Amino acid sequence: SCTIQQTDSQCLQLVKGRATVYPADLRVKGIGGKVTVQYDVTPQGQVVNAQVVASEPPGLFDAAALEAVGSWRFRPQVRNGQIESVVGLISSLEFRAF
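The residue count restarts for each chain, going from 1 along the sequence in the order it is written. Only residues with pLDDT of 70 or above have their local features reported here, since the model is predicted, and side-chain atom pairs are shown and tallied only from 80 upward, although totals for entire chains, interfaces and linings are computed over all residues. Values reported for side chains reflect all heavy atoms of the structure, with hydrogen atoms and water molecules removed beforehand.

Draft legend 1. Quick peek at the sheet that holds strand 3 (residues 47-56). Within the open sheet, the 3 strands sit side by side as 3-2-7. Their pairing is antiparallel. Whereas interior strands pair on both sides, the edge strands pair on one side only; in this sheet they are strand 3 and strand 7 (86-95). Looking at each pair of strands side by side, their axes are set apart by 20° on average, direction ignored. Of the strand pairs in this sheet, strand 2 (residues 33-41) and strand 3 are connected by 7 bridges, and their pairing is antiparallel. Its bridge partner being in strand 3, Thr 36 is matched across the sheet by Ala 54. In what follows, a contact means two residues having at least one pair of non-hydrogen atoms within 4.5 Å. Whenever a helix is involved, its axis is fitted only over the stretch in contact; in every case the axis is a line through C-alpha atoms, and angles between N-to-C directions fall within 0 to 180 degrees. A run of H or I in DSSP counts as a helix once it spans at least four residues, and a run of E counts as a strand once it spans at least two, with each numbered from the N terminus. Contacts between helix 2 (residues 62-71) and the sheet are confined to strand 2, strand 3 and strand 7, with strand 3 contributing the most and set at about 150° to the helix. At least two bridges found by DSSP between two strands are what make those strands a pair.

Draft legend 2. Up close: the environment of Ala 65. Looking at the secondary structure, you find Ala 65 in helix 2. For Ala 65, a relative accessible area of 0% puts it in the buried group. The sequence separation of Ala 65 and Ala 19 amounts to 46 residues, and the corresponding C-alpha distance is 9.1 Å. Aside from chain neighbours lying at most four places away, what touches Ala 65 is Val 35, Val 37, Leu 93 and Phe 95. Relative accessibility decides the category of a residue: with a 1.4 Å probe and only protein chains considered, values under 20% of the type maximum give buried, values over 50% give exposed, and everything between is partly exposed.

Draft legend 3. Inspection of the packing of aromatic side chains at higher detail. Two aromatic rings from Phe, Tyr or Trp, using only the six-membered ring of Trp, form a pair when their centres are within 6.5 Å; if the ring planes differ by under 30 degrees the pair is stacked, by over 60 it is edge-to-face, and anything between is tilted. In total, this model carries 5 aromatic pairs according to the counting rule given. An angle of 80° between the planes, with centres 5.9 Å apart, marks the rings of Tyr 39 and Trp 72 as edge-to-face. One end of the pair, Tyr 39, is in strand 2; the other, Trp 72, is in the loop between helix 2 and strand 4 (73-75), and 33 residues separate them in sequence. Each member of the pair Tyr 39 and Trp 72 is classed as buried. Put simply, the rings of Tyr 22, Phe 61 and Phe 95 touch in pairs and so form one group of aromatic residues. Lysine NZ or arginine CZ positioned within 6 Å of the ring centre and within 35 degrees of the ring normal marks a charge as sitting over the ring. Between Arg 27 and the ring centre of Tyr 22, over which it is positioned, the NZ or CZ distance is 4.3 Å.

Draft legend 4. The arrangement of the nonpolar core in detail. The biggest cluster of nonpolar side chains holds 16 residues, and the ones touching the most others in it are Val 37, Tyr 39, Val 69, Trp 72, Leu 93 and Phe 95. Going through the elements one at a time, strand 2, helix 2 and strand 7 are the ones with two or more residues in this core. Among all residues touching Phe 95, those that are not within four sequence positions of it are Thr 20, Val 21, Tyr 22, Gly 32, Gly 33, Val 35, Phe 61, Ala 64 and Ala 65. Nonpolar cores are built from buried Ala, Val, Leu, Ile, Met, Phe, Trp, Tyr and Cys residues. Side-chain atoms within 4.5 Å join them into one set.

Draft legend 5. Up close: the side chain of Thr 42. Along the polypeptide, Thr 42 turns up in the loop between strand 2 and strand 3. Excluding anything up to four places from it in sequence, Thr 42 contacts Val 48 and Ser 85.

Draft legend 6. How the structure looks around the confidence of the model for the chain. Looking at the chain as a whole, its pLDDT mean stands at 90, while 93% of the residues score no less than 70. Here strand 5 (residues 77-79) stands out as the element of the chain with the lowest mean pLDDT, 89, in contrast to strand 3, whose mean of 98 is the highest. Known as pLDDT, the predictor's confidence for each residue is given on a scale from 0 to 100. Between residues 1-6, whose pLDDT stays under 50, and residues either more than four places distant or in other chains, the model counts 11 contacts.

Quick look at the structure:
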């Protein structure tokens, strides 16, 4: 979490990225799932070191989740005028069959 107290600070902010691509065969079968991904963001705003830390059902949506998270770009975090990397972020992506 980021609390801004000074004007020369800024929280990490997602600015662009692709949505998840639902695997067609799983959508047809009505299979849904959830993938939790841990990753770091460089001072340039790029996602690195993305890895699945949990998935249900195991393995089915991992590649799609990693591809989506890897496409995300952030406005970097700035604290006291210094651009910082951010490590250990966690996001959960849900895949719902409609």
